[in-house]
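As a plain string of letters, each chain reads:
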Amino acid sequence: MRDDNCIFCKIIAGEIPSKTIFEDDDFKVVLDVSPATKGHALILPKGHYADIYELPEEIASKIFVLAKKMAVHMTEKLNCDGFNIIQNNKEVAGQTVFHFHMHLIPRYQEDGNGEKICWNHRNFSEEEFLDIQQKLNGMQPSR
Ligand code: 5GP
Ligand code: ZN
């Protein structure tokens with residue numbers, strides 16, 4: 001449930017100071033210490049799960065409901081013009097703290113970040129698209 005070497009576990013336990021903006025039984029939401037914009041916050045599940053692969057479905061099912069409520073609340077209070085929700089998994093995808101977290105990033109006209117949080121668009125052939133579709137299609141819907 002807790003990893004003694006994890007900075008976010010220490011924040012959740014109150015052993016490292018943080019600026020909390022919301023807390024319930026499952027989550028703590030804190031301001032990011034190195035924010036992209038005014039109000040950039042992190043949803044932290046209280047249990048230690050390294051990434052989305054370890055996150056239990058029960059927690060996963062609650063997190064986007066909270067993200068939605070936080071987005072509405074933050075937009076109202078901060079008067080931002082838009083909102084990014086970002087969640088990185090594994091080093092190759094930009095994760096630097098290995099305790100699952102979801103970024104809540106209020107966006108403002110001219111906040112200096114460029115409109116889209118960035119990736120390059122690639123070209124795939126029809127054959128490659130079909131191959132990818134074939135690999136991915138077929139997961140059973142949850143009951
Ligand atoms: P990641 O790159 O793993 O998706 O995001 C990690 C985030 O955690 C970064 O945006 C970073 O600024 C933030 N962060 C790292 N250490 C601390 C800390 O001690 N306190 C807070 N509030 N945020 C932190
Ligand atoms: Zn942790």
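Conventions used here
Residue positions are counted from 1 within each chain, in the order its sequence is given. Whichever chain is written first becomes A and whichever ligand is written first becomes 1, with later ones labelled in order. At least 70 in pLDDT is required for a residue's local features to be given in this predicted model, at least 80 for side-chain atom pairs to be given and counted, and no such filter applies to totals for whole chains, interfaces and linings, which use all residues. Hydrogens and water are ignored here; the side-chain numbers use all heavy atoms of the structure. Numbering goes from the N terminus for both helices and strands, where a helix is a DSSP run of H or I of at least four residues and a strand is a run of E of at least two. Burial status follows relative accessibility: with a 1.4 Å probe on protein chains alone, a residue under 20% of its type maximum counts as buried, one over 50% as exposed, and anything between as partly exposed. We get accessible surface area from the Shrake-Rupley algorithm with a probe of 1.4 Å; when it comes to residues, only the shown protein chains can shield them. Only strands that DSSP links by at least two bridges are regarded as paired with each other. One heavy atom within 4 Å of a molecule or strand is enough for the residue carrying it to be called near that molecule or strand. Polar contacts, as used here, are pairs of N or O atoms within 3.5 Å; protein pairs need one atom able to donate a hydrogen and one able to accept it. Residues neighboring in sequence count only if both atoms are side-chain atoms. A pocket, in this scheme, is an open set of points on a 1 Å grid over the protein atoms alone with protein on both sides within 12 Å along at least 5 of 7 lines, while a cavity is a set where a 1.4 Å probe fits but cannot get out; residues line either one if an atom lies within 4 Å of a point. Molecule-in-pocket calls rest on the fraction of atoms, with more than half required to lie within 2 Å of the cavity or pocket grid points. Polarity classes work like this: nonpolar for Ala, Val, Leu, Ile, Met, Phe, Trp, Tyr, Cys and Pro, charged for Asp, Glu, Lys and Arg, and polar for all others, with Gly in that last group. Pairs of residues are marked as contacts when any of their non-hydrogen atoms sit within 4.5 Å.

Our focus in this paragraph is the overall build of the protein chain. Within the protein chain, the regular secondary structure consists of three helices and five strands. Helices and strands in the protein chain line up, N terminus first, as α-β-β-β-α-β-β-α. Split into buried and exposed, the 143 residues of the protein chain put 33% on the buried side. When the accessible surface of the protein chain is totalled, it reaches about 10,200 Å², and 53% of it is carbon and sulfur.

Before going further, it helps to examine the pairing of strand 5 (residues 102-107). Here strand 5 lies mainly inside the structure; six of its six residues are buried. Burial along strand 5 is two-sided: M102, L104 and P106 facing one way and H103, I105 and R107 facing the other are all buried. Judged from the three bridges that link them, strand 3 (residues 41-45) and strand 5 form a sheet pairing that is antiparallel. Residue pairing in the sheet places L42 in a bridge with H103 of strand 5. Sheet topology places strand 4 (residues 82-86) next to strand 5; five bridges connect them, and they run antiparallel. Bridging from a neighbouring strand, F83 pairs with P106 of strand 5.

What follows concerns the site of ligand 1. Residues in contact with ligand 1 amount to 15 residues; listed here are only the nearest, L31, D32, N88, T96 and H103. Within the side chain of N88, an N or O atom sits 2.9 Å from an oxygen atom of ligand 1. Within the contact set of ligand 1, an oxygen atom lies 2.8 Å away from a side-chain nitrogen or oxygen of H103. Notes on ligand 1: free accessible area 530 Å², of which the protein chains cover 82%. Under a 2 Å grid-point criterion requiring more than half of the atoms, the pocket assigned to ligand 1 is the largest pocket. Broken down by element, the residue count for the shell around ligand 1 peaks at three residues, all from helix 1 (residues 7-13). A per-class count over the shell around ligand 1 returns seven nonpolar, seven polar and one charged.

If you trace the backbone, N84 turns up in strand 4. Engagement of the side chain of N84 in a polar contact is seen with the side chain of R107, the distance being 2.7 Å. Residues in contact with N84, not counting those within four places in the same chain, are H103, L104, I105, R107 and I117.

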